[in-house]
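Coordinates in review
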Amino acid sequence: MNITASGGVGLCCMDIYVRDSLGNVNQQSLKEIWGSNIYVKVRKMLLNGDRSMFEICQNCDFRGYTQVPKKHRQFNRVTNRMAQMFAPEVW
């Protein structure tokens, strides 16, 4: 999540000009933005390795791969469970 000085919320730190706006903290709370339908959809797609939704995601090489290597799968299962515990309404 990237928040600009004017309150615009972008996808990530690479979306510095908030080309793909997901909200504005001057009009919504962070909780509302984080739990919005679009943000939930984006997170689920990215967790599944699908980067097709936004152009900025399609060109992203964060972590250097789209498929999770075997050694990281257990870590991802644990972090996904933790995320579900702390934000069950999103999952």
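See the structure printed just above.
First, a word on scope: everything that follows refers to the structure included in this document.

Parameters at a glance
Residues numbered from 1 in each chain as written. Predicted model: local features only at pLDDT ≥ 70, side-chain atom pairs only at ≥ 80, totals over all residues. Heavy atoms only, no water. Buried < 20%, exposed > 50% of the residue type's maximum accessible area, 1.4 Å probe, protein only. Helix = DSSP H or I, 4+ residues; strand = E, 2+ residues; numbered from the N terminus. Contact = heavy atoms within 4.5 Å. Pairing = 2+ DSSP bridges. Salt bridge = Lys/Arg side-chain N within 4 Å of Asp/Glu carboxyl O. Patch = residues over 30% accessible without salt bridge, like charges linked within 9 Å, V, L, I, M, F, W, Y side chains within 5 Å. Areas by Shrake-Rupley, 256 points an atom, 1.4 Å probe, with all protein chains shown as cover. Disulfide = S-S within 2.5 Å. Core = buried A, V, L, I, M, F, W, Y, C linked by side-chain atoms within 4.5 Å.

Observations regarding helix H2 (residues 37-47)
- Those residues of H2 not exposed but buried are Tyr39, Val40, Val42, Arg43 and Met45.
- Contacts from the buried residues of H2 go to strand S2 (8-10) and helix H1 (30-34).

A closer look at the sheet that holds strand S1 (residues 2-3)
- Taken in spatial order, the three strands of this open sheet run S1-S2-S3, and their pairing is antiparallel. The two strands at the open ends of the sheet, each matched to only one other strand, are S1 and strand S3 (23-24).
- Inspection of the sheet shows S2 paired to S3 by two bridges, in the antiparallel sense. Residue Val9 lies in a different strand from S3, and its bridge partner there is Gly23.

What to know about the pattern of salt bridges
- Per the counting criterion, the structure on display carries one salt bridge.
- The partner of Arg19 in a salt bridge is Glu55, and the shortest N-O contact between them spans 3.7 Å. Of this pair, Arg19 sits in the loop between S2 and S3 while Glu55 sits in helix H3 (residues 55-58), placing them 36 residues apart in sequence.

Some words on a nonpolar patch on the surface
- A cluster of nonpolar side chains, namely Met1, Ile3, Val25, Leu30 and Trp34, defines an oily patch on the protein surface of about 410 Å² accessible area.
- Counting through the fold element by element, Trp34 comes out in helix H1.
- For Trp34, a relative accessible area of 36% translates into the label partly exposed.

Regarding unusual backbone geometry
- In the Ramachandran plot, Val18 falls in the positive-phi region, its phi being about 50 degrees despite a non-glycine side chain.
- Counting through the fold element by element, Val18 comes out in the loop between S2 and S3.

Here's the deal with the state of the cysteines
- This structure, assessed with the given rule, holds zero disulfides.
- Cys13 carries a free sulfur, and the closest cysteine sulfur to it, the one in Cys12, is 5.1 Å from it.
- You can call Cys13 exposed: its relative accessible area is 59%.
- Unpaired in terms of disulfides, Cys57 finds its nearest cysteine sulfur in Cys12, a separation of 6.5 Å.
- Since its relative accessible area comes to 11%, Cys57 is described here as buried.

Some remarks on the nonpolar core
- Core analysis: the largest hydrophobic core is formed by nine residues, namely Val9, Leu11, Leu22, Ile33, Tyr39, Val42, Phe54, Ile56 and Cys57.
- Broken down by secondary-structure element, the contributors of at least two residues to this core are H2 and H3.

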